[in-house]
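Analysis of the macromolecular model
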Amino acid sequence: MTKIIAEIGINHNGDIGLAKKLIDVAAVSGCDYVKFQKRTPDLCVPKHQRNKPRQTPWGELRYIDYKKKIEFGKREYNEINKHCDMLGIRWFASVWDLESVNFCNQYEESIMKIPSALITDLELCKYARDNCETLIISTGMSTEEEIDKCVEACNPDVIMHTNSSYPSKIEELNLSYIHHLSDKYPDKDIGYSGHEYGLVSTFAAVAMGSKWIERHITLDRMMWGSDQVASVEPIGLMKLVKGIRGIDKSIGTGGPRVPFGSELEKRKSLRGS
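Below is a summary of the structure that appears in this document. (Residues numbered from 1 in each chain as written. Predicted model: local features only at pLDDT ≥ 70, side-chain atom pairs only at ≥ 80, totals over all residues. Heavy atoms only, no water.)

It is worth spelling out the pattern of salt bridges at this point. Counted under the stated rule, the structure contains 18 salt bridges. Salt-bridge contacts for Glu 214 lead to Lys 113; the nearest nitrogen and oxygen are separated by 2.6 Å. Of the two residues, Glu 214 sits in strand E10 (residues 212–216) while Lys 113 sits in strand E6 (residues 111–114), which places them 101 residues apart along the sequence. Like Glu 214, the residue Lys 113 is buried in the burial classification. One salt-bridge network, in which partners are shared between bridges, spans Glu 7, Lys 35, Lys 113 and Glu 214. (Salt bridge = Lys/Arg side-chain N within 4 Å of Asp/Glu carboxyl O. Helix = DSSP H or I, 4+ residues; strand = E, 2+ residues; numbered from the N terminus. Buried < 20%, exposed > 50% of the residue type's maximum accessible area, 1.4 Å probe, protein only.)

Glancing now at a nonpolar patch on the surface. Taken together, the side chains of Val 28, Ile 235 and Met 238 make up a nonpolar region of the molecular surface, amounting to roughly 300 Å² of accessible area. Examined against the element boundaries, Ile 235 turns out to sit in helix H10 (residues 234–251). Relative accessible area serves as the criterion here: at 55%, Ile 235 is assigned to the exposed category. (Patch = residues over 30% accessible without salt bridge, like charges linked within 9 Å, V, L, I, M, F, W, Y side chains within 5 Å. Areas by Shrake-Rupley, 256 points an atom, 1.4 Å probe, with all protein chains shown as cover.)

In this section: the side chain of Arg 129. Relative to the helices and strands, Arg 129 is located in helix H6 (residues 122–130). Here Arg 129 falls in the buried class, since its relative accessible area comes to 18%. Engagement of the side chain of Arg 129 in a polar contact is seen with the side chain of Asp 157, the distance being 3.1 Å. Sequence-distant contacts of Arg 129, defined by excluding residues within four places in its chain, comprise Thr 134, Leu 135, Cys 154, Asn 155, Pro 156 and Asp 157. (Polar contact = N/O pair within 3.5 Å; in protein donor to acceptor, adjacent residues only side chain to side chain. Contact = heavy atoms within 4.5 Å.)

To continue, consider the packing of aromatic side chains. Inspection of the entire model under this criterion finds 12 aromatic pairs. Plain terms: the ring middles of Phe 36 and Trp 91 are 6.5 Å apart, the flat faces sit at 80° to each other, and that makes the pair edge-to-face. Separated by 55 residues along the polypeptide, Phe 36 in strand E2 (residues 33–38) and Trp 91 in strand E5 (residues 90–95) bring together distant segments of the chain. Residue classification places Trp 91 among the buried positions, given a relative accessible area of 5%. An angle of 25° between the planes, with centres 5.3 Å apart, marks the rings of Tyr 77 and Trp 91 as stacked. (Phe/Tyr/Trp six-rings, centres within 6.5 Å; stacked < 30°, edge-to-face > 60°.)

That's the geometry; what it means functionally is another story.
Shown next, in the form of structure tokens:
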């Protein structure tokens, strides 16, 4: 069965109450996981960007201060962990630096993801590999050579095809790359992380063999935040999960054609045998 990740990411805007509402939506929809993004801003924000002004709901802030304001710490993740446990949904995070790997390693869920932006940081990739049971990487904005080096360095369990633009253009999704990855890495699970408008292409990715699906979620695409517009709202998420579960059931096992039991009565009435 396809594993479905509802990425909350930073769409909580630093509000634990909003994060819990998004977890609720994912759980009710039937997702397997919710995913967050864990950063240490003092390590992750490049020096040339730290003092740039950023217009936010809290007024104009330096970029580094904005990143710190929306970053969850131990108190918030303890609440997230408790809330997910209560609802029976699992959670994990994309890790953006070594300290974030250590932070996430405090919790029982031993899944980590390397975001597309960082698969060339082989030190981070190897460190995450050594500190989790299931490692996921995303391939957006990367060359084939960069992906190969990352796979060789950290031996991920899941490789996610994605386009890193928000929102992605349909004509630039290149879903056929899923087949390429499946052929090239037959011992890996291949997945798809979508940032496009709509659900159709994500359904297609499942039919093309994606074992993991990830979509950003939001309560309202008009909310403030850089990732909101490319996210799926609650009704859309419910449709997405229902559609994926239907595809899972309909694909079947292939092989030589054998009539189903439900066909035999029709066969008898139309063919006489």
